[in-house]
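# Remarks on the overall topology
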Amino acid sequence: MPNIKFVDENKEVVAADGANLRLKALENGIELYKFVGKLMNCGGYGQCGTCIVEVVEGMENLSDRTPAENQKLKKKPPSYRLACQTLVNGPVSVKTKP
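Residues numbered from 1 in each chain as written. Predicted model: local features only at pLDDT ≥ 70, side-chain atom pairs only at ≥ 80, totals over all residues. Heavy atoms only, no water.

## A look at a nonpolar patch on the surface
Residues Phe35, Val36, Leu39 and Met40 make up a contiguous nonpolar surface patch of roughly 500 Å² in combined accessible area. Looking at the element boundaries, Phe35 is found in helix α2 (residues 35-40). Taking relative accessible area as the criterion, Phe35 reaches 62% and is therefore assigned exposed. (Patch = residues over 30% accessible without salt bridge, like charges linked within 9 Å, V, L, I, M, F, W, Y side chains within 5 Å. Areas by Shrake-Rupley, 256 points an atom, 1.4 Å probe, with all protein chains shown as cover. Salt bridge = Lys/Arg side-chain N within 4 Å of Asp/Glu carboxyl O. Helix = DSSP H or I, 4+ residues; strand = E, 2+ residues; numbered from the N terminus. Buried < 20%, exposed > 50% of the residue type's maximum accessible area, 1.4 Å probe, protein only.)

See the structure below:
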């Protein structure tokens, strides 16, 4: 079972292989959204781009970027992911709201 470390919150959670990063964050009280994102998020469908996280360690343990991510993150560094589109398959450390 992979561990997800939320660096800024200093919190580590355990997830099943293939767990959705956004859902695990929300289930564990990790705030992914800035003010506007709290009001306008798409609910995890990859359409709004407000659940961006920065992967600090463990990029190789995440699913590949989806077409929605490629579109929303084309001007962002390769370490940025949309939490709603990211599946966790091993240990990873992320920063929320980069």
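## Some details on the nonpolar core
Grouped together as the largest cluster of nonpolar side chains are 23 residues, with contacts concentrated most on Ile4, Phe6, Leu21, Leu32, Cys51, Val92 and Val94. Listing elements by their share of this core, those giving two or more residues are β1 (3-6), α1 (21-27), β4 (52-57), β5 (80-82) and β7 (92-96). The element best represented in this core is β4, accounting for three residues. Excluding its chain neighbours within four sequence positions, the residues that come into contact with Val92 are Asn3, Ile4, Lys5, Val55, Glu57, Gly58 and Leu62. (Core = buried A, V, L, I, M, F, W, Y, C linked by side-chain atoms within 4.5 Å. Contact = heavy atoms within 4.5 Å.)

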